[in-house]
Amino acid sequence: MPTYKDKERGTWYASFYYTDWQGRRRLKKKRGFLRQKDAKSFEEEFLRTKARSCDMAFGSMVEIYFDDMKGRLKANTLKNKRYLVEAKILPFFKDLPLNEITPAHVRKWQSDLLAEGLAPTYIKTINNQISAIFNYAVRYYGLQVNPARLAGGVGKKNADEMNFWTVEQFTAVHEKVRKLPARTGLSVLFWTGLRIGELLALTPRDLDLDAGTLSVSKSFQSIDGEEVITEPKTPKSRRVVPVPSKLAAELREYMAALYNVGPDDRLFPFTKHYFRREMLKAAEAAGVERIRLHDLRHSHASLLIHLGCPVLLVSERLGHEDVQTTLRTYGHLYPSTVPEAVKKLDDLMP
């Protein structure tokens with residue numbers, strides 16, 4: 001495999017032909033290598049990748065995986081996955097040949113991950129991601145086995161506990177929020193269970209305050225500093241949410257204070273960091289234990305369950321993809337009905 005010296009720059013470069021996926025012969029050239037062996041390594045890795053060979057480096061498979069996922073995942077989801085892989089997976093696996101990675105490698109990596117003291121749910125997410133990359137290689141590139149599956153899982157799917165605010169706690173905090181946009185937005189999050197991205201994407205056209213409803217059809221995301229409106233998290237996230245009449249009145253008051261807002265303008269042209277900051281400041285002022293912004297959604301779900309709402313209603317209101325998602329997340333909050341059922345059976349017996 002020939003490599004060449006760039007006498008002008010004092011560096012090495014690789015220049016070679018390869019056959020692309022359409023069977024066409026193409027020239028590949030890359031400059032700027034400080035050592036001849038680096039130029040040769042680049043050519044070897046490039047040709048292994050094009051040949052769909054599983055002795056390519058794990059890092060090369062990661063690039064192929066993300067390139068394929070571009071049109072299949074939302075931009076923000078893709079960005080978050082890439083950040084996780086680059087921070088927690090590539091430092092260990094990047095240069096290892098894909099087909100030489102064993103369950104023992106994965107177990108060692110898992111042990112290092114556990115030693116970092118990360119949240120069990122986050123560890124589970126990281127482990128799921130490396131398994132997804134290996135599964136992709138098995139399905140499309142002929143890798144014989146997924147070593148992460150053989151190594152076994154780590155972490156936990158659900159957090160040990162969720163943090164909630166009761167109505168009394170939220171009311172105490174709400175009274176301490178000084179800024180009208182923050183006060184109104186936090187009310188919407190607590191009394192409807194909307195995701196923060198769904199709140200930030202709301203426009204006047206989405207509200208029908210006479211009917212007492214708001215429509216969720218999009219989400220607001222900030223991706224690499226660019227503010228974009230995206231599709232909702234899942235198809236079932238598209239929904240019409242009935243709102244309490246007092247919340248409708250609060251939204252009317254807020255909209256009346258806005259200046260020159262068009263029907264498709266964002267009602268809350270802020271970021272989630274703005275709402276988080278104002279909520280935490282108010283919680284401190286009210287002497288209420290601090291929770292995460294997303295915990296307002298959990299608080300709403302908890303409130304519905306406490307009121308005796310059926311799980312299907314909770315699922316539809318939160319925009320979950322199916323009832324199983326709701327049960328996996330909040331099933332432990334539903335009181336056991338076994339004693340009541342046994343009592344009814346006992347009453348039926350002669």
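Up top is the structure these notes are about.
Keep in mind that what you see is a predicted model, and the values were worked out from it rather than measured.

Caption draft 1: Structural context of the packing of helix 9 (residues 180-192) against helix 12 (residues 272-286). Running from N to C, helix 9 and helix 12 point in directions that differ by 95°, and their axes come no closer than 10 Å. Viewed along their axes, helix 9 and helix 12 adopt a mutual orientation that is roughly perpendicular. Here Pro 181, Ala 182, Gly 185 and Leu 186 of helix 9 lie close against helix 12, whose contacting residues are Tyr 274, Phe 275, Glu 278 and Met 279. Partitioned by chemical class, the residues of the contact of helix 9 with helix 12 number six nonpolar, one polar and one charged.

Caption draft 2: Structural context of the packing of aromatic side chains. A complete count under the given rule lists 15 aromatic pairs for this structure. Pairing Phe 58 with Phe 134 gives two aromatic rings, centres 5.5 Å apart and planes at 55°, and the pair type is tilted. In this pair, Phe 58 sits in helix 2 (residues 58-69) while Phe 134 sits in helix 6 (residues 120-141), placing the two residues 76 residues apart along the sequence. For the pair Phe 58 and Phe 134, one class covers both residues: buried. Joined through ring pairs, the aromatic side chains of Phe 58, Phe 92, Phe 93, Trp 109 and Phe 134 make up one cluster. Between Arg 266 and the ring centre of Phe 220, over which it is positioned, the NZ or CZ distance is 3.7 Å.

Caption draft 3: Focus on the packing of helix 9 against helix 13 (residues 295-306). Between helix 9 and helix 13, the shortest axis-to-axis distance is 6 Å and the interhelical angle comes to 40°. Taken together, the axes of helix 9 and helix 13 lie oblique to each other. Two secondary-structure elements touch here, helix 9 through Leu 186, Leu 189, Phe 190, Trp 191 and Thr 192 and helix 13 through Leu 296, Ser 299, His 300 and Leu 303. Looking at the contact of helix 9 with helix 13 residue by residue, the class counts come to six nonpolar, three polar and no charged.

Caption draft 4: Layout of the pattern of salt bridges. Summed over all chains, the structure comprises 18 salt bridges. A salt bridge links Lys 70 to Asp 67; its shortest N-O distance comes to 3.5 Å. Among the salt bridges present, the one from Lys 108 reaches Asp 112, with a minimum N-O distance of 2.9 Å. Here Lys 108 pairs with Asp 112, and both are found in helix 5 (residues 103-115), just four residues apart, close to one helical turn. A residue is classified by how much of its surface remains accessible, and Asp 112, at 33% relative accessible area, is partly exposed. Salt bridges sharing common partners tie together Lys 179, Arg 277, Glu 278 and Lys 281.

Caption draft 5: Focus on the environment of Lys 79. Within the fold, Lys 79 resides in helix 3 (residues 75-88). Look at Lys 79 and you get partly exposed, because its relative accessible area is 32%. Separated by 13 residues in sequence, Lys 79 and Phe 66 have C-alpha atoms that sit 9.8 Å apart.

Here is what the cut-offs are and how they apply
- Residues numbered from 1 in each chain as written.
- Predicted model: local features only at pLDDT ≥ 70, side-chain atom pairs only at ≥ 80, totals over all residues.
- Heavy atoms only, no water.
- Axes fitted to C-alpha atoms, helices over the stretch in contact; angles between N-to-C directions.
- Helix = DSSP H or I, 4+ residues; strand = E, 2+ residues; numbered from the N terminus.
- Parallel < 35°, antiparallel > 145°, perpendicular 65-115°, else oblique.
- Contact = heavy atoms within 4.5 Å.
- Nonpolar A, V, L, I, M, F, W, Y, C, P; charged D, E, K, R; others polar.
- Phe/Tyr/Trp six-rings, centres within 6.5 Å; stacked < 30°, edge-to-face > 60°.
- Buried < 20%, exposed > 50% of the residue type's maximum accessible area, 1.4 Å probe, protein only.
- Lys NZ or Arg CZ within 6 Å of the ring centre and 35° of its normal.
- Salt bridge = Lys/Arg side-chain N within 4 Å of Asp/Glu carboxyl O.

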